[in-house]
Amino acid sequence: MEGLSGLLCAAVAWKFGFGWPALAALVLTWFLIALTFIDVDHQLLPDNLTLPLLWLGLLVSLWGPQPGLPPCRWTCARASSGAMAGYVSLWSVYHLFRLLTGKEGMGYGDFKLFAALGAWLGWQMLLPIILVAAAVGAVVGIALLSLRGQSRATPIAFGPFLAAAGWLMLMFVRSWSRATSAGSRHARERARLPRRPYRGIACGKSTAAKFFGALGVPILDSDQVAREVVEPGQPPLERLVERFGPSILTPDGHLDRPALREIVFSDPGRGRIWRR
């Protein structure tokens, strides 16, 4: 247990770095380790661990962001709904199984642990957790029963599989789902934008220039220079008028950019300017 605790804590520190999310993730990891081995040894998930873990998850949602999540005003609602959905879902499965078979398929500690995971990770992670836990539990259970030659009625602790699945969701699926959802959102936003014929347009140049400028890096804005050289009285503007005619000027003598753009893109041959 000491070796496993060290490895899991090192993995948490590597992923979350130094700060509040790392501390919260470490607390969750310590609880899950203790609950896993208690359930393996005694087939019991004690209330003096599952209930504090549940309340800590709700407290974390009030005090700060959940591990791996940015601050969000919906964090508390996500944790509360996760706790309720976690408990009610396994409670319903338990009573349905007992109604159909007359046997108890799991203990009340499993409900509380699942509710605690819902409070820590949010209701969105409940389905992946239960699917992973059930799949791995079925494989491991069949393997153990086959190797030991025991009957199918032999009880197998389900808490370790819930704990392991919850920790995996904390470490891996959380950040992946957030990144993919953000990528999908950006893709949808890009799809709504009009298609542009040239690369380098609306790719964040101005935003990057602002960041560099704030750091004291000298910035040469070619767009600004291009506007300055076509001000009234500048030689480049006179060359453009010679090439395309006075229709590209506004009444006050400035460059009419929409008019020039219409000429350039409607007639490629006329829009091509050769260097002399």
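Since we're looking at a predicted model, the values are computed, not measured. (Residues numbered from 1 in each chain as written. Predicted model: local features only at pLDDT ≥ 70, side-chain atom pairs only at ≥ 80, totals over all residues. Heavy atoms only, no water.)

Colleague: Whenever I open this one, a nonpolar patch on the surface confuses me. Can you help?
Modeller: Judged by side-chain polarity, Val-136, Val-139, Val-140 and Leu-144 come together as a nonpolar surface patch covering roughly 280 Å² of accessible area. Within the element layout of this structure, Val-136 appears in helix 6 (residues 126–148). (Patch = residues over 30% accessible without salt bridge, like charges linked within 9 Å, V, L, I, M, F, W, Y side chains within 5 Å. Areas by Shrake-Rupley, 256 points an atom, 1.4 Å probe, with all protein chains shown as cover. Salt bridge = Lys/Arg side-chain N within 4 Å of Asp/Glu carboxyl O. Helix = DSSP H or I, 4+ residues; strand = E, 2+ residues; numbered from the N terminus.)

Colleague: I keep staring at the packing of helix 5 (residues 108–121) against helix 6 and nothing clicks. Help me out?
Modeller: Two numbers describe a pair of packed helices, the interaxial angle and the distance between the axes. At their nearest, the axes of helix 5 and helix 6 sit 10 Å apart, and the two run at 135° to each other. Judged by the inter-axis angle, helix 5 sits oblique to helix 6. For the element pair helix 5 and helix 6, the recorded crossing hand is right-handed. From helix 5, Phe-114, Leu-117, Gly-118 and Leu-121 reach across to helix 6, where they touch Leu-126, Ile-129 and Ile-130. Here the contact of helix 5 with helix 6 is composed, by residue class, of six nonpolar, one polar and no charged. (Axes fitted to C-alpha atoms, helices over the stretch in contact; angles between N-to-C directions. Parallel < 35°, antiparallel > 145°, perpendicular 65-115°, else oblique. Left-handed = near helix turned anticlockwise from the far one by under 90°. Contact = heavy atoms within 4.5 Å. Nonpolar A, V, L, I, M, F, W, Y, C, P; charged D, E, K, R; others polar.)

Colleague: Just to check I follow, could you spell out the pattern of salt bridges for this structure?
Modeller: Oppositely charged side chains are able to pair whenever their charged atoms sit close together. Tallied over the full model, the rule gives one salt bridge. Across the pair Asp-47 and Lys-112 runs a salt bridge whose closest N-O atoms are separated by 2.7 Å. Note that Asp-47 is positioned in helix 3 (residues 47–63) and Lys-112 in helix 5, a separation of 65 residues in sequence. Relative accessible area serves as the criterion here: at 37%, Asp-47 is assigned to the partly exposed category. (Buried < 20%, exposed > 50% of the residue type's maximum accessible area, 1.4 Å probe, protein only.)

Colleague: Just to check I follow, could you spell out the packing of aromatic side chains for this structure?
Modeller: To describe a pair of aromatic rings, one takes the distance between the centres and the angle between the planes. In total, this model carries two aromatic pairs according to the counting rule given. Arranged with centres 5.7 Å apart and planes meeting at 85°, the rings of Tyr-87 and Phe-111 form a pair that is edge-to-face. Of this pair, Tyr-87 sits in helix 4 (residues 75–101) while Phe-111 sits in helix 5, and the two are 24 residues apart along the sequence. Tyr-87 gets classed as partly exposed once you look at its relative accessible area, which sits at 29%. Taken together, Tyr-87, Tyr-108 and Phe-111 form an aromatic cluster joined through their ring pairs. Lys-15 extends its terminal NZ or CZ atom over the ring of Phe-16, reaching a point 5.6 Å from the ring centre. (Phe/Tyr/Trp six-rings, centres within 6.5 Å; stacked < 30°, edge-to-face > 60°. Lys NZ or Arg CZ within 6 Å of the ring centre and 35° of its normal.)

Colleague: What's the story with the environment of Val-230 in this structure? I'm lost.
Modeller: Note that Val-230 resides in the loop between helix 9 (222–228) and helix 10 (235–244). Distance from Val-230 to Leu-255, taken between C-alpha atoms, is 6.9 Å for residues 25 residues apart in sequence. Excluding residues that lie within four positions of it along the chain, Val-230 makes contacts with Pro-236, Leu-237, Leu-240, Leu-255 and Arg-257.

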